[in-house]
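Commentary on secondary and tertiary structure
One letter stands for each residue in the lines below.
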Amino acid sequence: MKILFLTHSFNSLAQRLFVELTRHGHEISIEFDINDAVAIQAVEMYQPTIIIAPFLKRAIPETIWRRQPCFIVHPGIIGDRGPSALDWAMMHGYQQWGVTVLQANGEMDAGDIWASELFPMQLMKKSSLYRHEVVQAAVQAVLTAVQHFQSENFKPLPLDYTRPDVLGRLHHPIRQKDRAINWWKDSTHTILKKIYAADGFPGVLDTLYRKPYYLFDACVEGTLRGNTPGEIIAKRNGAICRATIDSAIWIGQLKRKMVGKSSYKLSAELALKDHLAKVPEVPLDPFSACLGETYRDIWYERKHDVGYLHFAFYNGAMDAAQCERLRKAYLAAARSDVRVIVLMGGADFWSNGIHLNHIEHADSPADESWRNINAMNDLVCAILTTRSQLTIAALQGNAGAGGVFLSLAADYIYTRESVILNPHYKSMGNLYGSEYWTYLLPRRVGEIQAKTITQKRLPIGAPEARNLGLIDDCFALNQANFKKKIEQLAEALAINQDYSVLLENKVCQREKDEQKKPLATYRAEELSRMQLNFYGFDPSYHVARYHFVHKISHAWTPLYLARHRRIRES
Ligand code: COA
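Definitions and limits used
Residues numbered from 1 in each chain as written. Predicted model: local features only at pLDDT ≥ 70, side-chain atom pairs only at ≥ 80, totals over all residues. Heavy atoms only, no water. Helix = DSSP H or I, 4+ residues; strand = E, 2+ residues; numbered from the N terminus. Rg over C-alpha atoms; globule rule 2.2 N^0.38 Å. Buried < 20%, exposed > 50% of the residue type's maximum accessible area, 1.4 Å probe, protein only. Contact = heavy atoms within 4.5 Å. Areas by Shrake-Rupley, 256 points an atom, 1.4 Å probe, with all protein chains shown as cover. Phe/Tyr/Trp six-rings, centres within 6.5 Å; stacked < 30°, edge-to-face > 60°. Lys NZ or Arg CZ within 6 Å of the ring centre and 35° of its normal. Domains from an automatic or database assignment. Buried area = accessible area lost by both parts, 1.4 Å probe. Salt bridge = Lys/Arg side-chain N within 4 Å of Asp/Glu carboxyl O. Polar contact = N/O pair within 3.5 Å; in protein donor to acceptor, adjacent residues only side chain to side chain. Nonpolar A, V, L, I, M, F, W, Y, C, P; charged D, E, K, R; others polar. Axes fitted to C-alpha atoms, helices over the stretch in contact; angles between N-to-C directions. Parallel < 35°, antiparallel > 145°, perpendicular 65-115°, else oblique. Core = buried A, V, L, I, M, F, W, Y, C linked by side-chain atoms within 4.5 Å. Near = heavy atom within 4 Å. Pairing = 2+ DSSP bridges.

**A look at the overall build of the chain**
The secondary structure content of the chain amounts to 20 helices and 22 strands. Whereas a compact globule of 570 residues would reach a radius of gyration of roughly 25 Å, the chain reaches 24 Å, a difference of no more than 12%. Taking the principal axes of the C-alpha coordinates as reference, the chain spans close to 65 × 65 × 55 Å. Across the 570 residues that make up the chain, the buried fraction comes to 55%. If you take every contact in the chain between residues at least 6 apart in sequence, the share linking residues at least 24 apart comes to 70%. Here the chain displays about 25,300 Å² of accessible surface, and carbon together with sulfur accounts for 52% of that area.

Laid out in structure tokens, this is it:
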């Protein structure tokens, strides 16, 4: 079937649906929802059988839904209507929630129901819930809806609030006053729930040093305590710790509320850098056993002969300091006597490469980009040149741009089956990219595929990545099962009777490759192109980064996504 996605952006859900529907043999074209005229034009050009709206911020024009079946993916159970569906479900503490695929009509979220799925709710960030449970349920519901549409005899269900199984209701959009924290009354649990229900958008509006900030990325502190609720009592690796009435809570990210100006998220310490001189830094060694709940973005665990290095950076963005801390932790692990090192990334993201927000904030974004990419390269190089261990990259979450190439530095790459990879840089203002990708990508998929992947700029699903040879294998949709399987693989590798041969082969291969073309040459060649991106006459990268960080809406759909426009132009 020809399917048109009408979507606000090509976000993680739209990317996953694109991959899954393509795998099921459908042809997908994408149009960003810019205005009615452009949407109507796209439908006329493509003539799709159905339209799917994975992520829309406004209603579909009547001229479209009257002519063509339009499936809206709503992140709520049957009967739930209105914006902030997930936010309300989390604030109410529901145990179960769902996704419904309904047909667009004249009333918002009230059309006939083609499919729905349920999932259990847990106390977690809304963004994590969206990226995992919601995306998974949405994929299932959309595939069912498409199947129902193709079967002649399926009749979609009209919304009927008299039915006892229709439990959702119409709700009003959530406001900041519904989310507000009362530091003198709210327990840590309540504060956590409020911040979780607003992460990663829009955050909970609060006041710090008499200025308004949105709070994100909360986590409970088990030991530190303060006298005044709300006061900042500690800082660690970019995060701040605030006292509560019953314990304390860490805040990792802040976004300043500006009047008439957009702003963006920064690590809390960077956002408040003029105020925190007297706040004590409370370091935590990644290698120390953590006895209670606290904030840590890098930590290490050892089991038998395997070392597991976790790095859970917010949104998978890695600034120069984070890259350097991770490299140091990696080298320390490599100096130990473990036989296998597993690079675990974080639960939400593996890595999305250099930290575009922190670069944007720097006095000289060009210099900061340079510093950041070099720190990333140093990290990749450390992994790539490891002679004393076999290494595994275990991707629990998605990876993009330099983050994908970071994973390719490991000897073995395994991902969850749901993972989406974007191994390309070009969409960021024609960024050339580094992280030794010109060595790592062809080494895995060959020169021709490497060119296709980087030029096409499309998301790649884990099974497709495995077929291409980009990764070794993918398994387990569920995080706990994935970790269990990774442990089994790592343990088996560590005690493999051919372990020494495998290690020797890898070292020999690296030496051969080095003789053919030194890593330093790959790096220098890539960086000479990056230097032009950062310091040259063409400002495309700086413009694209500004648009990305400030979340400026698209003015058109790029041709690599809008197949219908490509056909016309060629
Ligand atoms: N630096 C800073 N923030 C980043 C980031 C980066 N490299 N990559 C992603 N993010 C942030 C996004 O701004 C977004 O922030 P939000 O929480 O405020 O909404 C969040 O991470 C999730 O990203 P989003 O784009 O919504 O996720 P996605 O799954 O829809 O798309 C990518 C994934 C990787 C395609 C997309 O995030 C991307 O293009 N990132 C930039 C990658 C890049 O060019 N890196 C630099 C070169 S190495």
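After that view of the structure, there is still more to cover.
**Quick notes on the packing of aromatic side chains**
Taken as a whole and assessed by the stated rule, the structure comprises 20 aromatic pairs. With 6.1 Å between their ring centres and 85 degrees between their planes, Phe 71 and Phe 149 make a pair best called edge-to-face. With a gap of 78 residues between them, Phe 71 in strand β4 (residues 70-74) and Phe 149 in helix α5 (residues 126-150) connect regions that are remote in the sequence. A relative accessible area of 1% means that Phe 71 is categorised as buried. When its relative accessible area of 25% is taken as the criterion, Phe 149 is described as partly exposed. Between Phe 405 and Tyr 425 the ring centres are 5.4 Å apart and the planes differ by 20 degrees, which places this aromatic pair in the stacked class. With Phe 405 in helix α12 (residues 402-408) and Tyr 425 in the loop between β20 (420-422) and α13 (437-445), the pair connects residues that are 20 residues apart, well separated along the chain. The class of Phe 405 is buried, set by a relative accessible area of 0%. Over the aromatic face of Tyr 46 sits the side chain of Lys 2, whose NZ or CZ is 4.7 Å from the ring centroid. The ring centre of Tyr 308 lies 5.8 Å from the NZ or CZ of Lys 303, which sits over that ring.

**Topic: the domain arrangement of the chain**
Each assigned domain of the chain is listed with its residue range as follows: domain 1 (2-150), domain 2 (179-271) and domain 3 (298-538). Summarising the inter-unit geometry, the C-alpha centres of domain 1 and domain 3 are found 32 Å apart. Residue-level contacts link twelve residues of domain 1 with 18 residues of domain 3. Of the roughly 1,100 Å² buried between domain 1 and domain 3 on both sides combined, carbon and sulfur atoms contribute 54%. Counting the contacts that link domain 1 with domain 3 gives one salt bridge. Where domain 1 touches domain 3, the interface holds five residue pairs in polar contact (both at pLDDT 80 or more). Looking at the side of domain 1 that touches domain 3 residue by residue, the classes come out as three nonpolar, five polar and four charged.

**A look at the packing of α13 against helix α18 (residues 519-535)**
In the contact formed by α13 and α18, the axes pass within 8 Å of each other and the chain directions differ by 115 degrees. The orientation of α13 relative to α18 falls into the category roughly perpendicular. For the pair α13 and α18, the contacting residues are Trp 437, Thr 438 and Tyr 439 in the first and Leu 519, Tyr 522 and Glu 526 in the second.

**A word on the nonpolar core**
Within soluble globular proteins, side chains that are nonpolar tend to cluster in buried spots. Core analysis: the biggest nonpolar cluster contains 69 residues, and Phe 5, Leu 21 and Ile 52 have the highest contact counts within it. The residues that make up this core include at least three from each of domain 1 (2-150) and domain 2 (179-271). Apart from residues no more than four positions distant in its own chain, Phe 5 is found in contact with Ala 14, Leu 17, Phe 18, Leu 21, Ile 28, Ser 29, Ile 30, Glu 31, Ile 52 and Pro 54. Of all hydrophobic cores here, the second largest spans 68 residues; its members include Ala 366, Val 380, Ala 450 and Phe 534.

**Remarks on the site of the ligand**
The environment of the ligand is formed by 24 residues, the closest being Ser 12, Lys 265, Asn 315, Ile 354 and Leu 356. The contact in question runs from a nitrogen atom of the ligand to an N or O atom on the backbone of Ile 354, over 2.8 Å. Its free accessible area being 860 Å², the ligand has 84% of it covered by the protein chains. For the shell around the ligand, the residue count by class is nine nonpolar, eleven polar and four charged. A domain split of the shell around the ligand shows at least three residues from each of domain 1 (2-150) and domain 3 (298-538).

**Describing the sheet that holds strand β3 (residues 50-53)**
Spatially, β2-β1-β3-β4-β5-β6 is the arrangement adopted by the six strands of the open sheet, whose pairing is mixed. Either end of the sheet is taken by a strand with one partner, and the two such strands are β2 (27-32) and β6 (113-120). Sheet twist, expressed as the average angle between the axes of neighbouring strands with direction ignored, equals 20 degrees. Here strand β1 (residues 2-7) runs beside β3; their pairing, made up of three bridges, is parallel. Within β3, the residue paired with Ile 3 across the bridge is Ile 50. On the sheet, helix α2 (residues 36-46) packs against β1, β2 and β3 and is oriented at approximately 170 degrees with respect to β1.

**Remarks on the pattern of salt bridges**
Between side chains of opposite charge, pairing is possible as soon as their charged atoms come close. Considering all chains together, one arrives at 31 salt bridges under this definition. Among the salt bridges present, the one from Arg 242 reaches Asp 206, with a minimum N-O distance of 2.8 Å. Of this pair, Arg 242 sits in strand β10 (residues 239-243) while Asp 206 is found in strand β7 (residues 204-208), placing the two residues 36 residues apart along the sequence. Here Arg 242 and Asp 206 have matching classes, each one buried. Arg 510 is the salt-bridge partner of Glu 514, the closest N and O atoms lying 2.7 Å from each other. With a gap of four residues between them, Glu 514 and Arg 510 both fall in helix α17 (residues 499-516), about one helical turn apart. With a relative accessible area of 13%, Arg 510 lands in the buried category. Taken together, the shared-partner salt bridges connect Arg 16, Glu 20, Arg 23 and Glu 464 into one network.

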